Amino acid sequence: MGSQEVTNWQGKNVTVAGLGVSGIPAAKVLHGLGAVVTVVNDGDDDRARAQAAELEALGVTVRLGDGATLPEGTELIVTAPGWQPDKPLFAAAAAAGVPVWGDVELAWRLREQDGRKAAPWLAVTGTNGKTTTVQMLASILKAAGLRTAAVGNIGVSLLDAVLGEEQYDVLAVELSSYQLHWAPSLRAHSAAVLNLAPDHLDWHGSMEAYAADKGRIYEGNRVACVYNVADKATEDLVRAADVEEGCRAVGFTLGAPGPSQLGVVDGILVDRAFVENRQKNAQELAEVSDVRPPAPHNIANALAAAALARAYGVPARAVRDGLRAFTPDAHRIAHVADVGRVAYIDDSKATNTHAAEASLAAYESIVWIAGGLAKGATFDELVAKSAKRLRGVVLIGADRALIREALARHAPEVPVVDLDRTDTGAMLAAVREAERLAEPGDTVLLAPACASMDMFANYNKRGDAFAEAVRELGA
């Protein structure tokens with residue numbers, strides 16, 4: 001069952017690891033195909049019991065509070081992407097010769113089930129920018145008249161996409177490092193790694209392992225491996241990948257593009273990869289002003305999306321029309337309001353230093369609101385790169401001292417307000433302090449560089465609190 005396609009699931013003993021957003025659909029799909037399904041789950045709370053009852057009513061066996069033991073007779077494990085590779089269940093599976101797939105691998109294997117015509121996948125990964133790039137890509141594909149959807153780690157189940165009634169021409173697929181780790185046979189039409197920065201190292205064990213899992217997205221690509229010219233690690237992953245004959249490396253850059261690259265010339269997004277005689281010719285795709293917001297890292301996202309769409313054969317006009325039609329998600333460099341000639345920007349989604357660095361690079365003079373849960377991150381490089389842009393800093397959250405110490409080392413002249421609070425009301429106090437520090441023409445930027453769970457349920461709630469506080473200022 002490890003290498004060859006499974007066409008007959010009848011009576012196969014499959015263990016699904018984890019009840020969550022991927023485990024429940026996987027269990028239902030496999031049960032519907034005739035497999036004998038057992039779900040194992042570490043937790044045993046009220047929510048898990050309710051989910052278990054729903055599956056047991058269908059005839060699925062559920063074992064709560066025991067995610068470590070391999071059920072007898074298991075022929076395949078389908079795991080939730082978040083389950084770490086060093087869990088005892090997987091050690092037991094390896095010892096018994098039982099393959100482990102993730103939900104992405106399962107969707108990939110089932111995409112031609114019952115003779116369906118499988119839509120090719122245009123896949124995107126990276127430490128930051130994945131969701132925006134995939135949404136831009138889907139918008140461009142739709143502008144070209146193609147039936148598509150943004151799926152994967154973005155919240156729309158790949159299983160639903162490949163098995164639902166809707167027939168797609170092509171899918172725009174966001175993949176996390178976790179999902180790629182458990183997807184050994186995935187082979188995309190074309191794929192992009194947007195950037196690489198330390199993240200989730202507690203899960204992967206090392207930066208090398210994290211990068212290797214990201215690099216799996218290039219394996220077996222048919223047309224284009226899209227990489228970031230400014231991030232050599234992404235190009236190194238392309239060089240290491242085993243791709244189909246004729247597959248090309250295509251770079252994207254915020255500068256003028258060379259042959260086989262997309263880039264920017266005089267405010268125009270330009271393609272020198274998917275044109276005749278790319279040594280001499282270039283194709284105009286869109287204007288920088290067609291990208292919203294036109295921050296540098298978002299222009300990079302647009303170029304990556306354009307590269308994947310062009311690899312699929314989309315005309316230049318569809319790139320422009322798709323970018324114009326795209327609306328960014330909330331809390332991603334969202335302009336909340338101008339109050340007293342100061343712009344207030346919500347980038348609560350900047351939950352790590354890499355994302356915050358990109359956000360800070362988009363503005364000239366900033367009062368920065370930062371802090372939260374650091375997740376093991378260090379802030380020296382971020383502060384050193386951004387120091388010249390900082391008018392002032394307001395710190396909130398559990399790990400704010402780490403940022404304060406980095407500021408003392410690399411930006412000692414920048415005024416810092418350290419709010420010794422982690423209650424949700426701290427955001428209003430932070431915005432008021434930022435208003436006091438800001439001067440006309442400045443930007444007050446919420447780009448925390450940290451996770452939100454010390455103070456808020458998620459980054460959305462944190463961004464909502466910021467926007468509410470800004471509205472109170474202007475009232």
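Quick notes on the rules
- Residues numbered from 1 in each chain as written.
- Predicted model: local features only at pLDDT ≥ 70, side-chain atom pairs only at ≥ 80, totals over all residues.
- Heavy atoms only, no water.
- Pairing = 2+ DSSP bridges.
- Helix = DSSP H or I, 4+ residues; strand = E, 2+ residues; numbered from the N terminus.
- Axes fitted to C-alpha atoms, helices over the stretch in contact; angles between N-to-C directions.
- Contact = heavy atoms within 4.5 Å.
- Phe/Tyr/Trp six-rings, centres within 6.5 Å; stacked < 30°, edge-to-face > 60°.
- Buried < 20%, exposed > 50% of the residue type's maximum accessible area, 1.4 Å probe, protein only.
- Lys NZ or Arg CZ within 6 Å of the ring centre and 35° of its normal.
- Arc of directions from axis to C-beta.

Enquirer: Explain the sheet that holds strand β14 (residues 283-287) to me, please; I cannot follow it from the model alone.
Expert: One key point about sheets: their strands pair by backbone hydrogen bonds, in either a parallel or an antiparallel sense. Strand order in this open sheet of nine strands is β7-β8-β6-β9-β10-β11-β12-β13-β14, and the pairing throughout is mixed. At either margin of the open sheet sits one strand with a lone partner, and together these are β7 (150-152) and β14. For this sheet, the mean angle separating the axes of adjacent strands, direction not counted, is 25°. The strands touched by helix α5 (residues 130-143) are β6 (121-125), β7 and β8 (171-174); relative to β8, the strand with the most contacts, the crossing angle is about 180°.

Enquirer: How do you make sense of the packing of aromatic side chains when you look at a structure like this?
Expert: Under the definition given, this model contains four aromatic pairs. A centroid spacing of 6.1 Å and a plane angle of 85° characterise the contact between Trp9 and Trp101, whose relative ring orientation is edge-to-face. With a gap of 92 residues between them, Trp9 in the segment before β1 (13-17) and Trp101 in strand β5 (residues 100-102) connect regions that are remote in the sequence. Across the pair, Trp101 and Trp9 agree in class, each one buried. An aromatic cluster of three or more residues is present, and its members are Trp83, Phe90 and Trp182. Here Arg111 stacks its cationic end above the ring of Trp108, 3.5 Å away from the centre of that ring. Sitting over the face of the ring of Phe274, Arg248 holds its NZ or CZ atom 5.3 Å from the ring centroid.

Enquirer: Could you clarify how one ought to interpret helix α3 (residues 88-96) in this entry?
Expert: Residues spaced three or four apart along an α-helix face the same direction, because each turn holds 3.6 residues. Along α3, the positions that sit buried rather than exposed are Leu89, Phe90 and Ala93. Across the axial projection of α3, the buried residues extend over an arc of 90°, all falling on one side. Turned more than 90 degrees from where α3 packs its buried face, Pro88, Ala94 and Ala95 sit exposed. Positive backbone phi, approximately 70°, marks Gly97, located one or two places after α3.

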